[in-house]
Amino acid sequence: MKFAYRFSGLLGTVYRRGNLSFTRDGSSLISPVGNRISLFDLKNNKCETLPLATRHNIVCVGLSPDGSLAILVDEEGAALLVSLVGKSVIHQFHFHKPVHSVSFSPDGKKFVITKDNVALMYHAPGKKREFNAFVLDKTYYGPYDETTCIDWTDDSKCFAVGSKDMSTWVFGAERWANLIYYSLGGHKDVIVACFFEENSLDLYTVSQDGALCVWQCDTELDGLKPMPPKEDRKKNRIKEDEQFLEESKGEEIHGKAHPNEQEIREKVKYSRIAKYFFNKEGDFNNLTSAAYHKKTHLLVTGFASGVFHLHELPDFNLIHSLSISDQRIASISINCTGDWIAFGCSGLGQLLVWEWQSESYVLKQQGHFNSMVSLAYSPDGQYIVTGGEDGKVKVWNTSSSFCFVTFTDHTSGVTAVTFTSSGYVILSASLDGTVRAFDLHRYRNFRTFTSPRPSQFSCLAVDSSGEIVSAGSQDSFEIYIWSMQSGRLLDVLAGHEGPISSLSFNPVKCVLASGSWDKTVKLWDMLDSWRTKETLMLNSDVLVVAFRPDGKELAVASLNGQITFWDHENAVQVGSIEGRHDLQMGRKELDKITAKQSAKGKSFTTLCYSADGQSILAGGLSKFVCIYNVKEQILMKKFEISCNLSLDAMEEYLDRRKMTEFGSMALIDEGAGDEEGVAIPLPGVKRGDMSYRRFKPEIRVTCLRFCPTGRSWAATSTEGLLIYSLDSGMIFDPFELDIDVTPSNIRKTLHQKEYAMAIIMALKLNEKKLIQEVIEAVPSDEVEVVCSSLPDLYVEKVLEFLASAFEISCHLEFYLIWAHKLLMLHGQKLKTRSQKLLPVIQFLQKSIQRHFDDVSKLCEWNIYNIKYALAISQQRGMKRLAETSVDEEESESDSDYLMQEDHKDSLSS
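None of these values were measured; they are calculated from a predicted model. (Residues numbered from 1 in each chain as written. Predicted model: local features only at pLDDT ≥ 70, side-chain atom pairs only at ≥ 80, totals over all residues. Heavy atoms only, no water.)

J.: Hey, could you go over the overall build of the chain for me, with residue numbers and the actual values?
T.: When helices and strands are counted, the chain shows 11 helices and 59 strands. Each of the 909 residues in the chain was classed as buried or not, and the buried ones make up 50%. Within the chain, residue pairs in contact and separated by at least 24 positions form 49% of the contacts whose partners lie at least 6 positions apart. Only carbon and sulfur atoms are counted for the fraction: they give 51% of the accessible area of the chain, which is about 45700 Å². (Helix = DSSP H or I, 4+ residues; strand = E, 2+ residues; numbered from the N terminus. Buried < 20%, exposed > 50% of the residue type's maximum accessible area, 1.4 Å probe, protein only. Contact = heavy atoms within 4.5 Å. Areas by Shrake-Rupley, 256 points an atom, 1.4 Å probe, with all protein chains shown as cover.)

Next comes the structure, spelled out in structure tokens:
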């Protein structure tokens, strides 16, 4: 049970490539993230990554009209049919060629995919149990070059396909008498998108050079005539055995670019009524993506320069224009109401949702531009901070999976990040020669620590009180110590003869451990003027050091692939793990030697103890993360963090199909000039970036950290920030189970009002729903009596249940009474086992803190409203008084004036 961690979320990456799609209700957005998909709930401000993955990066997503099914297609053409309700894979299929787009018909009965220069129509997987979910219905031929986009008419009678040969083809989903196929030209560049008008065959086509053509059809959708039935059926029937052996190829429809006159007669005709241009004269800005909302006639176009335009069709009136980045906009999607527009920029890994009417962002998220290097959990486990090679420090909320603040003060790559014990200060070390402290209350950089001589900092540690900050240098081999309060440099620790690779403070004592490439670990005593207390000699360069949470043991990973455990008080080695074989390296495409040989030079680069200190997490330059039992020194479990073959060094052996007599196919830069490849120009043609190179990022784990609650752990990898959590829902894990402990007996005991006995029995069975039923049946005035009669062993179990119940239950006050009474009655006894119970208490604190934050915000808002209402009511009374006094003053002044006038008149007379 303890190692039943499952993938639960992907943070730090919000969009890679592929098309964005809004769900049916328009409140959630589906975004392809590498070989997974993330679901952004925009109304509840939450993000969820589905626990399924394809073998390569996803390039297109097709969503069924009812929103229950999705088809995910990867770079190689392998497709997964996914249930968005059950969040599971229903069917797998391979199209054998790269697929450009996939689209369901509005009635949900068919779907079309485009690959090469053909469009394939399949029967959509229905509600009935089919043997094969993907049955080919028709194959449409026509375009000469690759097909790029699809759009359906509202009644699913026809669909249009755009192509790289600058033509757009309209095909009938059925064989209509007056429309089988129709070819439209009029463009001078690749077709990016085509859109039908609402309830019409009228069409808009958009090309890469920024041209929009408006096509009018002389026939309405109701005017499509069905094909008369054939009298003469095929006499030659296919034998039954052949029918089972051969796959049904479906019907083939061959279109011609120049049909003869007989075929044209009495058929649907299109005419171009307008052509508009997005680019101004002399401005060459490639149009990269487009989306159209039929009800509001809103066309959104994205360009290679990061600009997007909103136009109203068919008059082509510009409503709005904005630049969101300096990278190309790869995908655009509009939700069903037409209010929200989603943009994806693959270059920056940026995802934006823009509300165009109020001109405000609904969502604005961006991952690290380069790979993440380090991470740290906050003491309560609510937040994660990450540092990247792009010099940014980002803070993520673990419950919503969103980044809520980004610090961009560093001018070079961040090498280490950490939280102080208070949880409101973040420290980061960088290669720019600074260590910066950030405040999570005001979101600002309030301290900057520097060294007397500029030096690049490679590691960072802060003591348990949060007062002493230390950083290790790569180039001067020294450790710098600063005071957090004053920001002054307190000391410079010299003694190492190589770059400092890792620092770690003892959580209990004032001892700092430093590991270096000079094959030593030094222990520095803070109370004894930073003298070297002990020097531990190793056989190889030290890469990482980590203290156990109770501070009694030190783990050291070295370059020879070993993890050694030390009793640092007595400078004695107490154990070691040979971990090189467990790393299981992959072979890169251009490696000259085998994975087995290259593994001899590899080792663990990151270590982390579990919250209880009984096991240790280790990871390195491979796709595996290992959990070892420290006491037994054995491998407990290996986690494969990715199955994405779009990354390098994933497989142990090279694919022979990619090897030629001249070497690996990976050495060839192949492409057709779009964003995925390099344009190989003809002589004299000045197009394409000749310096462009395709490269595969290598799979690696750069940092691992256990959550203080012990319920999850996180890893920064090439994929992003991966979270693995304990999945307790599906596992039956009884505790001291008896033959009499059954659900019926528990309910009987509960009915007899023996509450304490019923709770103990429910905890023995360890069924979450049953424990909840029993605890919620206890009257609130009897909670104290029940708590006092619980044995010590079960108090811990109840606290753990309460912590998990706080996350989902609405009975907030009731569970708070339970937590309060348990801690008040058993607090002294629990204190004696504080080290063992710390993860459970921190889990409880995290759950209560989250509710406290939500409720306190609500209360503050209510208090403000009440104060405002009181102030308004008081103001009204004052205004009335003021008005009456003003009126009195006016009447007095009037009477004075009249008296003066009378006096003047009498004088004159």
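There's more to say after this.
J.: How would you explain the packing of helix H9 (residues 792-808) against helix H10 (residues 812-832) if you had to name every residue and give the values?
T.: The N-to-C vectors of H9 and H10 enclose an angle of 150 degrees; their axes lie 10 Å apart at closest approach. Here the hand of the crossing between H9 and H10 comes out left-handed. Contacts between H9 and H10 involve Asp-792, Val-795, Val-798, Leu-799, Phe-801, Leu-802, Ala-805 and Phe-806 from the former and Leu-812, Tyr-815, Leu-816, Trp-818, Ala-819, Leu-822, Leu-823, His-826, Lys-829 and Leu-830 from the latter. Its residues placed into classes, the contact of H9 with H10 shows 15 nonpolar, 1 polar and 2 charged. (Axes fitted to C-alpha atoms, helices over the stretch in contact; angles between N-to-C directions. Left-handed = near helix turned anticlockwise from the far one by under 90°. Nonpolar A, V, L, I, M, F, W, Y, C, P; charged D, E, K, R; others polar.)

J.: Tell me about the nonpolar core, residues and numbers included.
T.: Ile-759, Ile-775, Val-798, Trp-818 and Leu-822 are the most contacted members of the largest nonpolar core, which totals 40 residues. Where this core is concerned, the elements lending two or more residues are helix H5 (743-751), helix H6 (755-765), helix H7 (768-777), helix H8 (783-788), H9, H10 and helix H11 (834-908). In this structure, Val-798 is in contact with Ile-759, Leu-763, Ile-775, Leu-790, Trp-818 and Leu-822, ignoring residues within four places of it in sequence. Judged by nonpolar contacts, the second largest core, of 24 residues, contains Phe-3, Cys-608, Ala-649 and Met-650. (Core = buried A, V, L, I, M, F, W, Y, C linked by side-chain atoms within 4.5 Å.)

J.: Describe the sheet that holds strand S6 (residues 58-63), naming the residues involved and giving the relevant values.
T.: Strand order across the open sheet formed by 4 strands is S6-S7-S8-S9, with antiparallel pairing between neighbours. At either margin of the open sheet sits one strand with a lone partner, and together these are S6 and strand S9 (88-94). Each adjacent strand pair in this sheet contributes to an overall mean axis angle of 20 degrees, direction not counted. (Pairing = 2+ DSSP bridges.)

J.: Quick one: what's the story with the side chain of Asp-518, residue by residue and with numbers?
T.: Mapped onto the secondary structure, Asp-518 falls in the loop between strand S44 (511-516) and strand S45 (520-525). Lacking a salt bridge, the buried Asp-518 has Lys-522 as its closest oppositely charged neighbour, with an N-O distance of 5.9 Å. A polar side-chain atom of Asp-518 sits 3.2 Å from a polar atom in the side chain of His-496. Once you skip the residues sitting within four places of it in the chain, Asp-518 turns out to touch His-496, Glu-497 and Gly-498. (Lys, Arg positive; Asp, Glu negative; His and termini not counted. Salt bridge = Lys/Arg side-chain N within 4 Å of Asp/Glu carboxyl O. Polar contact = N/O pair within 3.5 Å; in protein donor to acceptor, adjacent residues only side chain to side chain.)

J.: Got a sec to walk through H10? Specific residues and values, please.
T.: Between its first and last C-alpha, H10 extends 28 Å over 21 residues, near the 30 Å set by a 1.5 Å rise per residue. If you look at H10, its biggest bend is around 70 degrees, right at His-826. Restricting attention to buried positions, one finds in H10 the residues Phe-814, Tyr-815, Trp-818, Ala-819, Leu-822, His-826 and Leu-830. (Expected span 1.5 Å × (residues − 1). Bend = angle between axes of the 7 residues up to and from the residue.)

J.: Quick rundown of the sheet that holds strand S23 (residues 287-293)? Include the residues and the values.
T.: Read from one edge of the open sheet, 4 strands run S23-S24-S25-S26, paired in antiparallel fashion. Each having just a single partner strand, S23 and strand S26 (317-323) make up the two edges of the open sheet. On average, each strand axis in the sheet is tilted by 15 degrees relative to the strand beside it, whichever way the strands run. Alignment of S23 against strand S24 (residues 298-303), held across 6 bridges, turns out to be antiparallel. Counterpart to Ala-290 in the pairing with S24 is Thr-301.

J.: So, the pattern of salt bridges: which residues are in play, and what are the values?
T.: Considering all chains together, one arrives at 20 salt bridges under this definition. One salt bridge in this structure joins Asp-439 and Arg-442, with 3.7 Å as the shortest N-O distance. Look at Arg-442 and you get exposed, because its relative accessible area is 60%. Notably, a salt bridge pairs Arg-548 with Asp-550, separated by 2.9 Å at the nearest N-O pair. Grouping residues by exposure puts Arg-548 and Asp-550 together as buried. By sharing partners, the salt bridges in this structure join Lys-110, Asp-137, Lys-138 and Glu-174 into a single network.

J.: Can you explain the packing of H5 against H7? Please cite residues and give values.
T.: With their axes 11 Å apart at the nearest point, H5 and H7 run at an angle of 5 degrees to one another. By the angle class used here, H5 and H7 are roughly parallel. Taken together, the residues of H7 that come into contact with H5 (itself represented by Pro-743, Ile-746, Arg-747 and Leu-750) are Leu-770, Glu-773, Val-774 and Ala-777. Broken down by class, the residue content of the contact of H5 with H7 amounts to 6 nonpolar, no polar and 2 charged. (Parallel < 35°, antiparallel > 145°, perpendicular 65-115°, else oblique.)

J.: Run through the confidence of the model for the chain, naming residues and quoting values.
T.: Looking at the chain as a whole, the pLDDT averages 84, with 88% of positions reaching at least 70. This stretch, residues 671-678, has a pLDDT under 50; its non-local contacts, to residues over four places away or in other chains, come to 18 contacts. The low-confidence segment residues 904-909, where pLDDT is below 50, has 0 contacts with residues more than four positions distant or belonging to other chains. (pLDDT = per-residue confidence, 0-100.)

J.: Break down a nonpolar patch on the surface for me, with residues and values.
T.: Taken together, Trp-861, Tyr-864, Tyr-868 and Ile-872 make up a surface patch of nonpolar side chains, about 460 Å² in accessible area. Among the secondary structure elements, Tyr-864 is positioned in helix H11. (Patch = residues over 30% accessible without salt bridge, like charges linked within 9 Å, V, L, I, M, F, W, Y side chains within 5 Å.)

J.: So what's going on with the packing of aromatic side chains? Which residues, and what values?
T.: When we look at a pair of aromatic rings, we describe it by the centre distance and by the angle of the planes. This model, assessed by the stated rule, comprises 44 aromatic pairs. Judged by centre distance (5.5 Å) and plane angle (45 degrees), the rings of Phe-104 and Phe-111 are tilted. Looking at Phe-104, the relative accessible area reads 8%, which means it is buried. In this structure Phe-111 comes out as buried when scored by relative accessible area, which is 0%. Aromatic rings pair up to connect Tyr-5, Phe-7, Phe-639, Phe-706, Trp-713 and Tyr-724 into one cluster. Over the aromatic face of Phe-7 sits the side chain of Arg-36, whose NZ or CZ is 3.8 Å from the ring centroid. The ring of Phe-624 is capped by Lys-638, whose NZ or CZ atom sits 4.5 Å from the centre of that ring. (Phe/Tyr/Trp six-rings, centres within 6.5 Å; stacked < 30°, edge-to-face > 60°. Lys NZ or Arg CZ within 6 Å of the ring centre and 35° of its normal.)

J.: Could you give an account of empty space enclosed by the protein, with specific residues and numbers?
T.: Enumeration over the complete set of coordinates arrives at 1 cavity of 30 Å³ or more. Broken down by class, the residue content of the lining of the largest cavity amounts to 6 nonpolar, 3 polar and no charged. (1 Å grid on protein atoms, 1.4 Å probe; cavity = no way out; pocket = protein on both sides within 12 Å on 5 of 7 lines; lining within 4 Å. Points joined across faces, edges and corners; volume = space filled by probe spheres on them.)

J.: Give me the side chain of Ser-646: which residues, what numbers.
T.: With respect to the helices and strands, the residue Ser-646 is situated in the loop between strand S54 (634-640) and strand S55 (659-660). A relative accessible area of 9% means that Ser-646 is categorised as buried. A distance of 2.8 Å separates polar atoms of two side chains, one belonging to Ser-646 and the other to Glu-75. Contacts of Ser-646, omitting those with residues within four sequence positions, involve Arg-55, His-56, Asn-57, Glu-75, Lys-696 and Pro-697.

J.: Tell me about the pairing of strand S53 (residues 624-629), and please be specific about residues and values.
T.: For S53, a buried count of 6 out of 6 residues is recorded, marking the element as mostly surrounded by other parts of the structure. Of the two faces of S53, both are covered, the one formed by Phe-624, Cys-626 and Tyr-628 as well as the one formed by Val-625, Ile-627 and Asn-629. Where strand S52 (residues 615-620) lies against S53, 5 bridges are found, and the strand directions are antiparallel. Paired with Ser-615 across the strands is Asn-629, a residue of S53. Counted along the chain from S52 to the antiparallel partner S53, the turn is 3 residues long.

J.: Report on the pairing of strand S50 (residues 572-578), specifying residues and quantitative values.
T.: Alignment of strand S49 (residues 562-567) against S50, held across 6 bridges, turns out to be antiparallel. Residue pairing in the sheet places Phe-565 in a bridge with Gly-575 of S50.

J.: An account of the environment of Phe-171 is needed here, citing residue identities and associated values.
T.: Following the sequence through the fold, Phe-171 ends up in strand S16 (residues 168-172). Classification of Phe-171 by relative accessible area gives buried; the value is 1%. For Phe-171 and Tyr-181, which are 10 residues apart along the polypeptide, the C-alpha to C-alpha distance reads 4.4 Å. In this structure, Phe-171 is in contact with Tyr-140, Tyr-141, Cys-158, Phe-159, Val-161, Ile-180 and Tyr-181, ignoring residues within four places of it in sequence.

J.: If you had to explain the environment of Glu-651 to someone new, which residues and values would you point to?
T.: Mapped onto the elements of the fold, Glu-651 is located in the loop between S54 and S55. Between the alpha carbons of Glu-651 and Gly-586 there is a distance of 4.9 Å; along the sequence they are 65 residues apart. If we skip the residues at most four places from it in the chain, Glu-651 touches Gly-586, Arg-587 and Leu-645.

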